[in-house]
Amino acid sequence: MSVTIAVSATDAVGATASATITATQTAAAYPGQSGNPVGHTHAPGYPGSLTPHTPAGDDITVSGTAANPIVYQFKDFENGANGLYVPASHIIFIGCRFQCSDPLIAGATNVRVDGIDVEFHYCSFVPRVALAATPPNGGGYTTWPTAGVGLQYAPEDINSNPNPGLTAICIPRTYGPQYHLTINAGPCLCDHCDFWGFANCITTTNTTAQLAFTDCWIHDTRYPGHITDPGGDDHGDGIGFLDGTIPPQNVLIQHCTICAEGNTNAIAAQGGTQPYHNWSVINNYMSGFDFTVIFGDGPAGGTNLIFTDNILSTEIPWAFGPVQDHATVFRANGCQWARNKFRVHPSTAPTVNQIDQWQSSWDGYFVWADGSYHPTDFV
Amino acid sequence: MSSTITITGTVTDNAGATGNYSVVVTLDSFTLVAVVTPANAPAGTTRNLTVTPSGGTSPFTFGTPTAPGITFTPVAGQPGQWTFVF
């Protein structure tokens, strides 16, 4: 994609001149690939090891200021099952690791942010390292973008039974948290962060402050369990709004990799009591879940919802479809749905419950806002 | 860049004598050289636009660049320079 820029000038005696120049967008590696590493070990200046945050479990309660934020750099937060609470504001985490487990399946949250102006750069959100240092068989670190590439394990069947094969490629439910990051205020930024071993990765709540997620890699969910298990089964998501009240406004999700055997949504902008406003989901790489994308759900009247230049790929089969049908939303109120491409991973095929039984020859088709596939873009 | 035109003519006095004249006029014009750095980069990259006059008579007044959907931010104290995100 390129753009032509027009420039002009006038000199001292009134002569004028004009010119044009072109700028071009090139494809950058999606997060988690060698050309775009994420997580604490790839933070600029990483010294080779982390310093434990002490005392372990201590919350972040002291705020910085907008001009002088407090910076935590290369710290290891061993959050146990209780998680880290960040009520403080003006905090920057750089190259940190946050560990958490959920031994009682009690909805553990790794990091909860209630403060304003909190940023995470090149951080790792992981299960407790003592329980699972890496996903089974290396997971997505071996088979980017996540464990199970090409195995054709739909996250669950239509009766919420997890695919039996998931036990071999996911960590046990108790090893990782239900929530890696819960954001209750803003602005909040996650950039070049690595998330794995969760049920619901990032959840947001009602705020109008800017929430931004750029170049993050979300992969390798924990084993989702069965609906009859204690606590029920996980409804695994990537980034979303789940609590059914007032959705946050002003959310940017750009150039992230969100691929997993989660059984709900990579983009989980689920229904609330009011319409969505000012969300941009741009140039992300996504695979798996039931509907990979739910965007534009809830009451009618959403405005400025942008979903462009995304890739929906079949490394992990979506249980039902790439997108839940919200086509009408994207035909009004400044909303835009464009240039979203379907990608067929080699040797994959539609699984039995998928709504559209796609064909491999459709590789490169456009995915429309109703979840269908077409050789031409959404109108 | 500039170009010239030569004007010639004849003047006759009231006694019928003639004389020729010739004058060279320089037409003011110039060109612009525009450079974007980086010209090729991933989406979302902050880029610099520099516009440099070639020829002409200083000082120059620069119009705000235009491109669909792009906002150009002037670089303080640097006429002819902007940043933008694309």
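In what follows, the accompanying structure is described. (Residues numbered from 1 in each chain as written. Chains lettered and ligands numbered in written order. Predicted model: local features only at pLDDT ≥ 70, side-chain atom pairs only at ≥ 80, totals over all residues.)

## Observations concerning the overall build of chain B
Assigned secondary structure in chain B consists of zero helices and eight strands. In chain B, the order of α-helices and β-strands from amino to carboxyl end is β-β-β-β-β-β-β-β. Relative to the globule expectation of 12 Å for 86 residues, the C-alpha radius of gyration of chain B, 23 Å, shows a markedly less compact shape. Seen through its C-alpha atoms, chain B measures out along the principal axes to roughly 80 × 25 × 20 Å. Classification of the 86 residues of chain B by burial places 10% in the buried group. Once local pairs closer than 6 in sequence are excluded, the contacts in chain B between residues at least 24 apart make up 37%. (Helix = DSSP H or I, 4+ residues; strand = E, 2+ residues; numbered from the N terminus. Rg over C-alpha atoms; globule rule 2.2 N^0.38 Å. Buried ≥ 20, exposed ≤ 12 C-beta atoms within 10 Å, placed from the backbone. Contact = placed C-beta atoms within 7 Å.)

## Comments concerning the overall build of chain A
Across its full length, chain A holds one helix and 31 strands. Whereas a compact globule of 379 residues would reach a radius of gyration of roughly 21 Å, chain A reaches 21 Å, a difference of no more than 12%. Expressed along its principal axes, the backbone C-alpha trace of chain A runs to roughly 75 × 55 × 40 Å. Looking at chain A as a whole, 49% of its 379 residues qualify as buried. The long-range fraction of contacts in chain A, counting pairs at least 24 apart against all pairs at least 6 apart in sequence, stands at 73%.

## With respect to the interface of chain A and chain B
In this assembly, 24 residues from chain A lie in contact with 32 residues from chain B. Breaking the side of chain A that touches chain B down by element, the ones donating at least two residues are strand E1 (2-10) and strand E2 (16-26) of chain A. Grouping the constituent residues of the side of chain A that touches chain B by class yields 13 nonpolar, ten polar and one charged. With two bridges joining them, E1 of chain A and strand E6 (residues 61-62) of chain B adopt antiparallel strand pairing. When the bridges of E6 of chain B are listed, Ala9 of chain A appears paired with Phe62 of chain B. (Nonpolar A, V, L, I, M, F, W, Y, C, P; charged D, E, K, R; others polar. Pairing = 2+ DSSP bridges.)

## Observations regarding the sheet that holds strand E3 (residues 30-37) of chain B
The strands that make up a sheet pair up through hydrogen bonds in the backbone, lying either parallel or antiparallel. Residues and elements named next belong to chain B. The four strands are arranged E3-E5-E8-E7 in an open sheet whose pairing can be described as antiparallel. Where the open sheet ends on each side, the last strands, each with one partner, are E3 and strand E7 (73-74). The sheet contact formed by strand E5 (residues 46-55) and strand E8 (residues 81-85) spans five bridges and is antiparallel. Each bridged residue has a counterpart across the sheet, and for Thr50 the counterpart in E8 is Gln81.

## Some remarks on the pairing of strand E8 (residues 97-100) of chain A
Residue and element names in this part refer to chain A. Across the two faces of E8 the burial is the same, with Arg97 and Gln99 and Phe98 and Cys100 all buried. Pairing of strand E5 (residues 75-78) with E8 involves three bridges; the strand directions are parallel. When the bridges of E8 are listed, Glu78 appears paired with Gln99. The sheet contact formed by E8 and strand E11 (residues 124-127) spans four bridges and is parallel. By the bridge assignment for E11, Arg97 is matched with Ser124.

## What about the sheet that holds E2 of chain A?
As summarised here, the arrangement of the four strands in space is E4(B)-E2(A)-E1(A)-E6(B), forming an open sheet in which the pairing is mixed. Each edge of the sheet is formed by a strand with only one pairing partner; in this case those strands are strand E4 (40-42) and E6 of chain B.

## As for unusual backbone geometry
All names here are of chain A. Between Thr54 and the following residue, Pro55, the backbone shows a cis peptide bond with an omega angle of -15°. Take Pro55: it is sitting in the loop between strand E3 (51-52) and strand E4 (70-73). Unlike most non-glycine residues, Ile105 shows phi in positive territory, near 50°. Here Ile105 shows up in the loop between E8 and strand E9 (109-113). Among the residues examined, Ile105 registers 16 C-beta atoms within 10 Å and is labelled partly exposed. The phi angle at Asn283 is positive, at roughly 60°, despite the residue not being glycine. Locating Asn283 in the fold gives a position in the loop between strand E22 (277-282) and strand E23 (285-288).

## Observations concerning the environment of Ser63 of chain A
All names here are of chain A. If you trace the backbone, Ser63 turns up in the loop between E3 and E4. Along the sequence, Ser63 and Gly176 sit 113 residues apart, while their C-alpha atoms lie 28 Å from each other. The residues touching Ser63, leaving out its near neighbours within four places in the chain, are Ala88, Ser89, His90 and Gly115.

## Looking at the nonpolar core
Among the nonpolar cores identified, the biggest contains 89 residues, and Cys193, Phe195, Cys216 and Ile267 of chain A are the most heavily contacted of them. Among all residues touching Ile267 of chain A, those that are not within four sequence positions of it are Gly238, Ile239, Gly240, Ile253, Val281, Val293, Ile294 and Phe295 of chain A. Counting twelve residues, the second largest nonpolar core, distinct from the first, contains Ile5, Ala9 and Ala17 of chain A together with Leu49 of chain B. (Core = buried A, V, L, I, M, F, W, Y, C linked by C-beta atoms within 7 Å.)

## Considering the environment of His180 of chain A
All names here are of chain A. Among the structural elements, His180 can be located in strand E12 (residues 179-183). Taking the number of C-beta atoms within 10 Å as the measure of exposure, His180 has 27 and is therefore buried. Between the C-alpha atom of His180 and that of Gly197, which follows or precedes it by 17 residues, the distance is 8.6 Å. Contacts of His180, omitting those with residues within four sequence positions, involve Asn110, Val111, Phe125, Phe195, Phe198, Cys201 and Ile202.

## A word on the pairing of strand E10 (residues 118-121) of chain A
Residues and elements named next belong to chain A. Every second residue of E10 is oriented toward a common face, the buried set being Val118 and Phe120 and the non-buried set Glu119 and His121. Pairing of strand E7 (residues 91-94) with E10 involves four bridges; the strand directions are parallel. Pairing of Ile94 across the sheet is with His121, part of E10. As defined by bridge partners, E10 adjoins strand E13 (residues 188-191) across four bridges and the pair is classed as parallel.

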